[in-house]
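What follows is the residue order along each chain.
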Amino acid sequence: MESNRQRKVAQIIQEDFAELFRKQAAESRQSILVSVSDVKVTADLGNAKIYLSIFPQEFRSAVMKEIEENKAQYRNFIGQKMAKQVRVIPNLNFYLDTALDDVERLDRELRGEGDNPIL
């Protein structure tokens, strides 16, 4: 069960990263959409799990690799945004959110377009 403080810190992280990724997408010549689907913060506010949805799918591995390589810069960015609100800047862990892909795959399966035959 999350505390109010955890939810508030998670919301701040989500909003700041959403804005950062939006600006990066606008500056980029490629049409890649990176959205922050969820943020979970541990009870001690020391770690943050950031779930990202990346479209189109063929760029996912490259974008995730780039994000992992620049993790220290992202932590510095969030540290500047949250400096007055928290004592410790959380360690950032980025994860690929595939929930929409799972929903789409299930929908295809239910329509009989997947590997399962219609019974």
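About the cut-offs
Residues numbered from 1 in each chain as written. Predicted model: local features only at pLDDT ≥ 70, side-chain atom pairs only at ≥ 80, totals over all residues. Heavy atoms only, no water. Helix = DSSP H or I, 4+ residues; strand = E, 2+ residues; numbered from the N terminus. Rg over C-alpha atoms; globule rule 2.2 N^0.38 Å. Buried < 20%, exposed > 50% of the residue type's maximum accessible area, 1.4 Å probe, protein only. 1 Å grid on protein atoms, 1.4 Å probe; cavity = no way out; pocket = protein on both sides within 12 Å on 5 of 7 lines; lining within 4 Å. Points joined across faces, edges and corners; volume = space filled by probe spheres on them. Nonpolar A, V, L, I, M, F, W, Y, C, P; charged D, E, K, R; others polar. Expected span 1.5 Å × (residues − 1). Arc of directions from axis to C-beta. Contact = heavy atoms within 4.5 Å. Pairing = 2+ DSSP bridges.

> I'm lost on the overall build of the protein in this one. Help?
Check the secondary structure of the protein and you find four helices and three strands. The globule rule puts the C-alpha radius of gyration for 119 residues at 14 Å, and the 17 Å found for the protein is more than 25% above it. Each of the three principal axes of the protein carries a C-alpha extent, and together these read 60 × 40 × 20 Å. Evaluated residue by residue, the protein yields a buried proportion of 30% over its 119 residues.

> I'm lost on the layout of surface pockets in this one. Help?
One water molecule sets the probe size; rolling that probe over the atoms shows where empty space is left. By volume, the largest pocket is sized at about 300 Å³. Considering the residues around the largest pocket, the lining is formed by 14 residues, among which Gln 24, Ile 32, Val 34, Val 63 and Glu 66 are closest to the centre. Within the residue set of the lining of the largest pocket, elements represented by two or more residues are helix 1 (4-27) and helix 2 (60-69). Here the element with the most residues in the lining of the largest pocket is helix 2; it accounts for four residues. Split by residue class, the lining of the largest pocket holds nine nonpolar, four polar and one charged.

> Would you take a moment to explain helix 3 (residues 71-82) for this structure?
For the α-helix, the turn length of 3.6 residues means that residues three or four positions removed from each other point alike. Over its 12 residues, helix 3 runs 16 Å from end to end, which matches the ideal 16 Å to within 8%, given 1.5 Å per residue. Among all positions of helix 3, only Tyr 74, Ile 78, Gly 79 and Met 82 are buried. Angularly, the buried residues of helix 3 cover 140° about the axis, an arc narrow enough to put them on a single face. Among the exposed residues of helix 3, those pointing more than 90 degrees away from its buried face are Ala 72, Gln 73 and Gln 80. Buried positions along helix 3 lie against helix 1, helix 2 and strand 3 (91-96).

> Could you clarify how one ought to interpret unusual backbone geometry in this entry?
In terms of backbone geometry, most residues other than glycine have negative phi values and most peptide bonds are trans. In this structure, Pro 56 follows Phe 55 across a cis peptide bond, with omega equal to 0°. Along the chain, the position of Pro 56 falls in the loop between strand 2 (47-55) and helix 2. Positive phi outside glycine occurs at Leu 45, with the angle close to 60°. Counting through the fold element by element, Leu 45 comes out in the loop between strand 1 (33-41) and strand 2.

> Is there a simple way to explain the pairing of strand 1 in this structure?
One face of the sheet, then the other: side chains in a regular strand alternate in exactly this way. Of the strand pairs in this sheet, strand 1 and strand 2 are connected by eight bridges, and their pairing is antiparallel. Note on strand 2: the bridge partner recorded for Val 41 is Ala 48. Between the antiparallel neighbours strand 1 and strand 2 lie five residues, among them Leu 45 with a positive phi of about 60°.

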